[in-house]
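What the coordinates show
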Amino acid sequence: MKEDIQQVVDRFNNIYLSKGIWPVPPIKFYFYEENYQKTFNDDNYKNVAKEIKKASEEIGFFTVTGHGISNAKIDKLLSTCRHFFHSSDEKKLKIAPKKWNPNTDTVYRGYFPSSVNGKEGLDIGDPQLSNDMEDLLVKEKFEVNHDMSYLNPDWQIVIDDYYNSIFELGMRLFKSIISVYSSNLDLADKAFVRPKTLSTLRFNFYPKQDKPVEISEQDGVALGCETYVDSGIMTILYQDKKGGLQVQNRHTLEWHDVPHDPNAYVVNSGLALEYLTNGKMKATNHRVLFNQEERISIPFFFEPSYNFKLDPKYLEIKEEHKYDIDNYEDFLTNSLKKFVEYDRPN
């Protein structure tokens, strides 16, 4: 007898829970390309939305397949990413913020070197933002992406294509979350207006590390990336190989490996989603173990429009607010203070 999606997930959870392991559940996403509204009335989709709700409330992490982004598109992005990080320091620093390159005007977008926290990174904003959008560019975190044609003539094509696809996946996942609280799915379109969102596509390059970034004070484990929670609504992560990503059980404080599947994205709730759901969905501590193998990870920080208020009433959550209600721009400014890579002069 063929199992449905709910039975597969329940069986997976029962096996892992019986062994005392805190699972990061795999979820197969359903979406009807030809009929947007049909998706949200489909029983399979409703079951998936419930599983996303359960994972986001209890764990804060899940993996998703059936996301609609082809392996060919991901491979092309990985190739572009590797080409960039294997370029000379001179070429990479050319697009670094002024903390590392005094000849640029950027502060928020661009390249940062491994001297910051053991990994190299490249932060890419919405490709739709252009130099004629003066009302946005006067704001601190809105900066037009660097022209990368000097490095790769196809760069912008590859980035635009992937950014559009991963942004759309974020919208679908967010609508799934909305659907378990409210029928107001239009909230997603009001919260995420391009290019007013602060969503960021990041390339992370972990070189062969000679020493850990830090030693965990909790359990003495060597780390290749510090312990943290993400700021946005959610993070959608692709890893080119198993990289030692771990998530913390907030009840026992024990750490558990996030399973690696080359066909899946890892999705985790951010602090903004915790605020928006009045604490129902959780931003969970995670970290990366120290390893001496070169690897790449590509997170997409799905972050709403700068002026969107993180107000639970939008989800018809009416109990007393646990958090102050900020617009996202102010919320993000405060949240980023804990990240060493964003310790940058204006």
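First, a word on what this report is: a plain description of the structure on this page. (Residues numbered from 1 in each chain as written. Predicted model: local features only at pLDDT ≥ 70, side-chain atom pairs only at ≥ 80, totals over all residues. Heavy atoms only, no water.)

1. Quick word on the sheet that holds strand 6 (residues 214-215)
The line we're drawing: Paired strands are those between which DSSP finds at least two bridges. Working definition: helices are DSSP H or I runs of at least four residues, strands are E runs of at least two. Numbering for both runs from the N terminus.
Spatially, the 5 strands line up as an open sheet ordered 6-7-12-9-10, and their pairing is antiparallel. The sheet is open, and its two borders are formed by strand 6 and strand 10 (255-257), each paired with just one other strand. Relative to strand 7 (residues 222-228), strand 6 runs antiparallel, the two sharing 2 bridges. When the sheet's bridge partners are listed, Glu 214 is paired in strand 7 with Leu 223.

2. Some points on the pairing of strand 4 (residues 120-124)
Using the following cut-off: Classification of residues uses two cut-offs on accessible area relative to the type maximum, computed with a 1.4 Å probe and protein chains only: under 20% is buried, over 50% is exposed, and between them is partly exposed.
When you tally the buried positions in strand 4, you get 5 out of 5 residues, the bulk of the element. Neither face of strand 4 is open: one carries Glu 120, Leu 122 and Ile 124, the other Gly 121 and Asp 123, and all of them are buried. Where strand 3 (residues 110-112) lies against strand 4, 3 bridges are found, and the strand directions are antiparallel. Residue pairing across strands places Gly 110 opposite Asp 123, the latter belonging to strand 4. The sheet contact formed by strand 4 and strand 5 (residues 200-206) spans 5 bridges and is antiparallel. In the strand pairing of strand 5, Glu 120 is matched with Phe 205.

3. Brief notes about helix 7 (residues 155-179)
For the record, the criterion: Multiplying 1.5 Å by the residue count of a helix minus one yields the expected span of that helix.
With 25 residues, helix 7 should cover 36 Å at 1.5 Å per step; its first-to-last C-alpha distance of 36 Å lies within 8% of that length. With 18 of 25 residues buried, helix 7 lies mostly within the body of the structure.

4. Concerning unusual backbone geometry
The omega torsion across Arg 194 and Pro 195 is 0°, close enough to zero to call that bond cis. Relative to the helices and strands, Pro 195 resides in the loop between helix 8 (187-191) and strand 5. A positive phi angle, close to 70°, is found at Leu 253, a residue other than glycine. The class of Leu 253 is partly exposed, set by a relative accessible area of 44%. Positive phi, normally seen in glycine, also occurs at Glu 316, with a value near 60°. Note on placement: Glu 316 falls in the loop between strand 13 (295-302) and helix 10 (328-335).

5. Here we look at the packing of aromatic side chains
How we decide: Two rings from Phe, Tyr or Trp (for Trp, the six-membered ring) form a pair when their centres sit within 6.5 Å of each other. Planes less than 30 degrees apart are called stacked, planes more than 60 degrees apart edge-to-face, and all others tilted.
All told, the structure shown has 19 aromatic pairs when counted by the stated rule. Note on Phe 167 and Phe 300: the rings are 6.4 Å apart at their centroids and 70° apart in plane angle, and the pair reads as edge-to-face. With Phe 167 in helix 7 and Phe 300 in strand 13, the pair connects residues that are 133 residues apart, well separated along the chain. The burial state of Phe 167 is the same as that of Phe 300; both residues are buried. An angle of 70° between the planes, with centres 6.0 Å apart, marks the rings of Tyr 238 and Tyr 265 as edge-to-face.

6. Quick word on the sheet that holds strand 8 (residues 234-239)
Under the convention used in this document: For helices, the axis comes from a line fit to the C-alpha atoms of the stretch in contact; other axes are also lines fit to C-alpha atoms, and the angle between any two N-to-C directions lies between 0 and 180 degrees. The contact criterion used is simple: two residues touch if any of their non-hydrogen atoms lie within 4.5 Å.
If you trace the 8 strands from one edge of the open sheet to the other, you get 1-2-11-8-13-5-4-3, paired in mixed fashion. This sheet does not close on itself; its edge strands, each paired only once, are strand 1 (26-28) and strand 3. Put simply, the sheet's adjacent strands are angled 25° from each other on average, direction ignored. Pairing of strand 1 with strand 2 (residues 61-65) involves 3 bridges; the strand directions are parallel. Counterpart to Ile 27 in the pairing with strand 2 is Val 64. Those strands touched by helix 7 are strand 2, strand 4, strand 5, strand 8, strand 11 (265-269) and strand 13, and its axis lies near 130° from that of strand 8.

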